[in-house]
Amino acid sequence: MSYSILRIGKLKKGGTKGMLNHTLRLSDTKNANPEKLNKRWINDRWIEIQKKPEAMSTVRNKVVEDIKQKVEPLKKRPDSVYGLDILMTSDEKYFEKVDPDRWATDSVQWLEQTFGKENLDIAVIHLDEKTPHIQAHVTPAHKGWLSARHWINGKKALSDLQDSYNQWMVSKHHDLKRGDTEKKARHTDVKDFYKKVNRKTPTMKLPEPGGIFETKTEYKKKIEEMLNSQDLDTLTAKSAHLDTIFANLPKVEEEIQELQKTIRWQKEQLKNYQLGGSDKDRLKREINALEESNKLLKNQSKQKEMKIIELEKQARVLQKENKEMKIKLGLEKEISYTQGMRMR
């Protein structure tokens, strides 16, 4: 049986625009099929949206302005969450037998009932990727306050929302199972989960910054998207890549030490021997060349050390992801084994 999947991410002030850029395909989505159109929930029905940058920019700006007008009069705390980035989906096999529009309609109606129709700013069903899924933005307005805590204050609250969503879908005759309630509930980053669903494997190269208008938070999210979308094979390859870098670092340091010894020896030669003008000039040129090589190697070593620090950070993320994926694979095998035993 397939599962009902609900993930909720928190958006701080300024985070909405980046989320909408992805939702409306204004940012690059490498695993999206440009031939397939997505649909937006408008006036209680799904409307196809064209992938025209100018039109989508207009839609994004209108949604951002509407949210701004909605949020402005609300009371806020210093750490207030300004939006909820919500992802809803199931697995690919489920959508082979169920109309995505029917599933999406029932899902978005649960959103409206749970968070309030007036708080649902936009909902889009992505049909241009491997697995259909809804991405929605909710402004957490409650009784005059900007209060995400009303809905997602702690692990139990998130778990209760997942229970509620599953119960709603079952009541609408969807053959979907609630996820493992014994597993710790947590606020999984929506983009993190989104990448896992599609299992797109990017290269190791870090993404290019988006320009002077891209915030540090937005660029960080781009990097996290790249790192958290890796499958086990990619994790293994990256681990080997890290091992290679660590293995080569001592060689660079050894080369630097050898050069430093040579430079010291050459300087001693200048002090201890009375050389002719041409010999002394030649030796000085050799020393200068060695010193330049030494500077170059030191700079390369420093760059590699900085790269290693960055890769160590990436490695920790990848190791955590690897562990989670292995746990998930173990659970799937256990479920498959249990189902097999029941069939016997």
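Worth saying up front: this structure is predicted, and the values here are computed from it rather than measured.

Caption draft 1: Representation of the nonpolar core within the structure. Grouped together as the largest cluster of nonpolar side chains are 33 residues, with contacts concentrated most on I86, W103 and F115. At the level of secondary structure, the elements contributing two or more residues to this core comprise strand 2 (5–11), strand 5 (83–89), helix 3 (94–97), helix 4 (100–115), strand 6 (120–126), strand 7 (133–138), helix 5 (149–152) and helix 6 (155–171). Examining the composition of this core, we find that six residues originate from one element, helix 4, more than from any other. Among all residues touching F115, those that are not within four sequence positions of it are I8, L84, I86, W110, V138, W151 and L161. Core analysis: the next-biggest nonpolar cluster, separate from the first, contains 16 residues, L24, V63, L74 and L146 among them.

Caption draft 2: Highlighting the pairing of strand 6. Counting buried positions over the seven residues of strand 6 gives seven, a clear majority of the element. Relative to strand 6, strand 3 (residues 38–42) runs antiparallel, the two sharing two bridges. If you follow K39 over to strand 6, its bridge partner there is I125. Of the pairings in the sheet, the one linking strand 6 to strand 7 comprises six bridges and is antiparallel in character. Bridge pairing in strand 7 links I125 to I134.

Caption draft 3: Inspection of unusual backbone geometry at higher detail. A positive phi angle, close to 65°, is found at D44, a residue other than glycine. Here D44 shows up in the loop between strand 3 and strand 4 (45–49). Phi at K143 takes a positive value of approximately 50°, unusual for a residue other than glycine. Tracing the backbone through its elements, the reader meets K143 in the loop between strand 8 (141–142) and strand 9 (145–146).

Caption draft 4: Representation of the packing of helix 1 (residues 16–23) against helix 2 (residues 53–71) within the structure. Look at helix 1 against helix 2: their axes get within 10 Å of each other, and the N-to-C directions meet at 145°. As helix 1 runs across helix 2, the sense of the crossing is right-handed. Packed against helix 1, whose contacting residues are T16, K17, L20 and N21, the element helix 2 presents R60, V63, V64 and I67 at the interface.

Caption draft 5: How the structure looks around the sheet that holds strand 4. Overall, antiparallel pairing links the six strands, which are arranged 2-5-7-6-3-4 in an open sheet. Every interior strand has two partners, whereas the edge strands, strand 2 and strand 4, have only one. Taken over all neighbouring pairs, the strand axes of this sheet differ in orientation by 25° on average, direction set aside. Where strand 3 and strand 4 come together, five bridges link them in antiparallel fashion. Its bridge partner being in strand 4, R40 is matched across the sheet by I47.

Caption draft 6: Seen up close, the side chain of S107. Along the chain, S107 turns up in helix 4. Look at S107 and you get buried, because its relative accessible area is 0%. At 3.0 Å, the side chain of S107 forms a polar contact with the backbone oxygen of W103. S107 has contacts with M88, I134, Y165 and M169, leaving out every residue within four places of it along the chain.

Caption draft 7: Representation of helix 6 in the model. The first and last C-alpha atoms of helix 6 sit 24 Å apart over 17 residues, in line with the 24 Å expected at 1.5 Å per residue. Taken together, the buried positions of helix 6 are A157, L158, S159, L161, Q162, Y165, N166, W168 and M169. Considering only its buried residues, helix 6 is in contact with strand 2, strand 5, helix 4, helix 5 and strand 10 (176–177). Once helix 6 ends, the next one or two residues include H173, with phi positive near 70°.

Caption draft 8: Structural view of the packing of helix 4 against helix 6. Two elements in contact, helix 4 and helix 6, have axes whose closest approach is 10 Å; the angle formed by their N-to-C orientations is 135°. One finds that helix 4 runs oblique with respect to helix 6. Where helix 4 crosses over helix 6, the two elements pack in a sense that is right-handed. Every residue of helix 6 that contacts helix 4 at W103, D106, S107, Q109, W110, Q113, T114 and F115 is listed here: L161, S164, Y165, W168 and M169. Across the contact of helix 4 with helix 6, the residue classes break down as seven nonpolar, five polar and one charged.

Cut-offs used in this document
Every chain is numbered independently, its residues counted from 1 as its sequence is written. pLDDT decides what is reported in this predicted model: residues at 70 or higher carry local features, side-chain atom pairs at 80 or more are listed and counted, and totals for whole chains, interfaces and linings draw on all residues regardless. Hydrogens and waters are ignored; side-chain quantities use all the structure's heavy atoms. To define a nonpolar core, start from buried Ala, Val, Leu, Ile, Met, Phe, Trp, Tyr and Cys residues and group those joined through side-chain atoms within 4.5 Å. Between buried and exposed lies partly exposed: a residue is buried under 20% and exposed over 50% of the maximum accessible area for its type, with that area taken using a 1.4 Å probe on protein chains only. We count a stretch as a helix when DSSP gives it H or I for four or more residues in a row; a strand needs E for two or more, and each element gets its number in order from the N terminus. In this analysis, two residues are considered to be in contact whenever any of their non-hydrogen atoms come within 4.5 Å of each other. DSSP calls a pair of strands paired once it identifies at least 2 bridges connecting them. An axis is simply a line fitted to the C-alpha atoms; with a helix, the fit covers only the stretch in contact. Between two such axes, the angle follows the N-to-C directions and lies from 0 to 180 degrees. By the definition used in this description, the sense in which the near helix is turned from the far one sets the handedness, with an anticlockwise turn below a right angle giving left-handed and a clockwise turn giving right-handed. Contacts described as polar in this section are N or O atom pairs within 3.5 Å, which, within protein, must combine one atom able to donate a hydrogen with one able to accept it, while residues neighboring in sequence count only if both atoms come from side chains. To estimate the expected span of a helix, subtract one from its residue number and multiply by 1.5 Å. An angle below 35 degrees is read as roughly parallel, one above 145 as roughly antiparallel, one from 65 to 115 as roughly perpendicular, and any other as oblique. Put simply, Ala, Val, Leu, Ile, Met, Phe, Trp, Tyr, Cys and Pro go in the nonpolar bin, Asp, Glu, Lys and Arg in the charged bin, and everything else, Gly too, in the polar bin.

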